[in-house]
Amino acid sequence: MTINLIQPGHTGQTQRASFMAALSLAETLLSETTAIPTSLSIEATPWSASTPTIRAYFHHDPAAVRKFAEQFLLEVAVSAVSDRSVQTEASGRRDGVVVQAWALVRAEDEEMAA
């Protein structure tokens with residue numbers, strides 16, 4: 001015997017509430033930040049319906065990621081994705097929503113900026 005702990009109606013309601021919370025926070029973030037992202041996406045997946053995520057992408061602009069992180073108290077990490085690329089990523093939680101910001105640049109551009 002198996003038990004399905006995820007009930008379709010409940011998951012859908014939770015997912016909708018998560019989307020609404022993330023949309024509301026995204027509006028707040030965009031209205032308050034001076035670092036405008038190139039794109040912004042919101043996720044509230046059925047398999048993790050109560051954990052919405054906002055992802056902000058800053059095209060070739062790690063300084064904007066750092067500024068965004070500073071404004072919203074996110075932790076910043078810089079890592080080599082390959083020997084040619086460096087990713088700057090900021091992440092944290094605000095109002096129960098996971099917030100991530102990131103930029104990818106060529107390693108040589110990152111070295112020149114440092």
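Overview of the structure. The model shown is predicted, which means the values in this text are computed figures rather than measured ones.

## Some thoughts on the overall build of the protein
Turning to step 1, where the next piece is worked out: Secondary structure summary: the protein contains three helices and five strands in total.
Turning to step 2, where the next piece is worked out: Reading the secondary structure of the protein in the N-to-C direction produces α-β-β-α-β-β-β-α.
Turning to step 3, where the next piece is worked out: Expressed as a percentage of its 114 residues, the buried residues of the protein come to 34%.
Turning to step 4, where the next piece is worked out: At a minimum sequence separation of 6, the contacts of the protein that also span at least 24 residues come to 47%.

## Focus on the nonpolar core
Turning to step 1, where the next piece is worked out: Core analysis: the biggest nonpolar cluster contains 19 residues, and Leu29, Ile54, Phe58, Phe68, Leu74 and Ala101 have the highest contact counts within it.
Turning to step 2, where the next piece is worked out: The set of elements that each furnish at least two residues to this core consists of helix 1 (8–32), strand 2 (53–57), helix 2 (62–72) and strand 5 (97–106).
Turning to step 3, where the next piece is worked out: Considering each element in turn, this core owes the most residues, five residues, to helix 2.
Turning to step 4, where the next piece is worked out: Among all residues touching phenylalanine 68, those that are not within four sequence positions of it are Leu29, Thr33, Ala35, Phe58, Leu74, Val99 and Ala101.

## Things to note about a nonpolar patch on the surface
Turning to step 1, where the next piece is worked out: Taken together, the side chains of Phe19, Met20 and Leu23 make up a nonpolar region of the molecular surface, amounting to roughly 280 Å² of accessible area.
Turning to step 2, where the next piece is worked out: Along the chain, the position of leucine 23 falls in helix 1.
Turning to step 3, where the next piece is worked out: When its relative accessible area of 44% is taken as the criterion, leucine 23 is described as partly exposed.

## So, helix 2
Turning to step 1, where the next piece is worked out: All buried positions along helix 2 are accounted for by Pro62, Ala64, Val65, Phe68, Ala69 and Phe72. Taken around the axis of helix 2, the buried residues stretch over an arc of 155 degrees, which confines them to a single face.
Turning to step 2, where the next piece is worked out: In the segment just after helix 2, leucine 73 is the residue with positive phi, at about 55 degrees.

## Considering the pattern of salt bridges
Turning to step 1, where the next piece is worked out: In total, this model carries one salt bridge according to the counting rule given.
Turning to step 2, where the next piece is worked out: Two residues, arginine 55 and glutamate 43, come together in a salt bridge whose shortest N-O distance is 3.1 Å. Taken together, the residues span a long stretch of sequence, with arginine 55 in strand 2 and glutamate 43 in strand 1 (residues 39–43) at a distance of 12 residues.
Turning to step 3, where the next piece is worked out: Taking the relative accessible area as the measure of exposure, arginine 55 reaches 28% and is therefore partly exposed.

## Considering the pairing of strand 3 (residues 75–80)
Turning to step 1, where the next piece is worked out: Two strands pair when backbone bridges link them, and strand 3 and strand 4 (residues 85–94) are joined in this way by six bridges, in the antiparallel orientation. The residue of strand 4 that forms the bridge with valine 76 is alanine 90.
Turning to step 2, where the next piece is worked out: The antiparallel pairing of strand 3 with strand 4 creates a hairpin that spans four residues between the two strands.

## Points about unusual backbone geometry
Turning to step 1, where the next piece is worked out: Even without glycine at this site, leucine 73 takes up a positive phi of about 55 degrees.
Turning to step 2, where the next piece is worked out: Structurally, leucine 73 is set in the loop between helix 2 and strand 3.

## Here we look at the packing of aromatic side chains
Turning to step 1, where the next piece is worked out: Per the stated rule, a full pass over the model turns up three aromatic pairs.
Turning to step 2, where the next piece is worked out: Aromatic pair tyrosine 57 and tryptophan 102: ring centres 4.5 Å apart, planes at 45 degrees, arrangement tilted. Highlighted residues: tyrosine 57 in strand 2 and tryptophan 102 in strand 5, separated in sequence by 45 residues.
Turning to step 3, where the next piece is worked out: A relative accessible area of 17% means that tyrosine 57 is categorised as buried.
Turning to step 4, where the next piece is worked out: Arranged with centres 5.5 Å apart and planes meeting at 55 degrees, the rings of phenylalanine 58 and phenylalanine 68 form a pair that is tilted. With phenylalanine 58 in the loop between strand 2 and helix 2 and phenylalanine 68 in helix 2, this pair connects stretches of sequence that are 10 residues apart. Phenylalanine 68 carries the same exposure label as phenylalanine 58, and that label is buried.
Turning to step 5, where the next piece is worked out: Here the aromatic residues Phe58, Phe68 and Phe72 are joined through ring pairs into a cluster of three or more.

What counts as what
For every chain, the first residue of the written sequence is number 1, and numbering continues from 1 along that sequence. Reporting of local features is limited, given that this is a predicted model, to residues whose pLDDT is at least 70; pairs of side-chain atoms are given and counted only at 80 or more, and all residues count toward the totals for whole chains, interfaces and linings. With hydrogens and water set aside, each side-chain value is computed from the structure's full complement of heavy atoms. Helix and strand assignments follow DSSP, with helices taken as H or I runs no shorter than four residues and strands as E runs no shorter than two, numbered in order from the N terminus. Burial status follows relative accessibility: with a 1.4 Å probe on protein chains alone, a residue under 20% of its type maximum counts as buried, one over 50% as exposed, and anything between as partly exposed. Any two residues whose heavy atoms approach within 4.5 Å are treated as being in contact. The nonpolar core is taken to be a set of buried Ala, Val, Leu, Ile, Met, Phe, Trp, Tyr and Cys residues, with the residues joined through side-chain atoms within 4.5 Å. Every patch collects residues that have over 30% relative accessible area and no salt bridge, joining them within 9 Å if they carry like charges and within 5 Å if they are nonpolar side chains (Val, Leu, Ile, Met, Phe, Trp, Tyr). Note on areas: these come from Shrake-Rupley sampling with a 1.4 Å probe, and a residue is covered only by the protein chains present in the view. Each salt bridge in this description consists of a side-chain nitrogen of Lys or Arg and a carboxyl oxygen of Asp or Glu lying within 4 Å of one another. Read the arc as the range of directions from the helix axis to the C-beta atoms. When DSSP finds at least two bridges between two strands, those strands are taken to pair. Pairing of aromatic rings covers Phe, Tyr and Trp, the last through its six-membered ring, and needs centres within 6.5 Å; plane angles under 30 degrees mean stacked, over 60 mean edge-to-face, and all others mean tilted.

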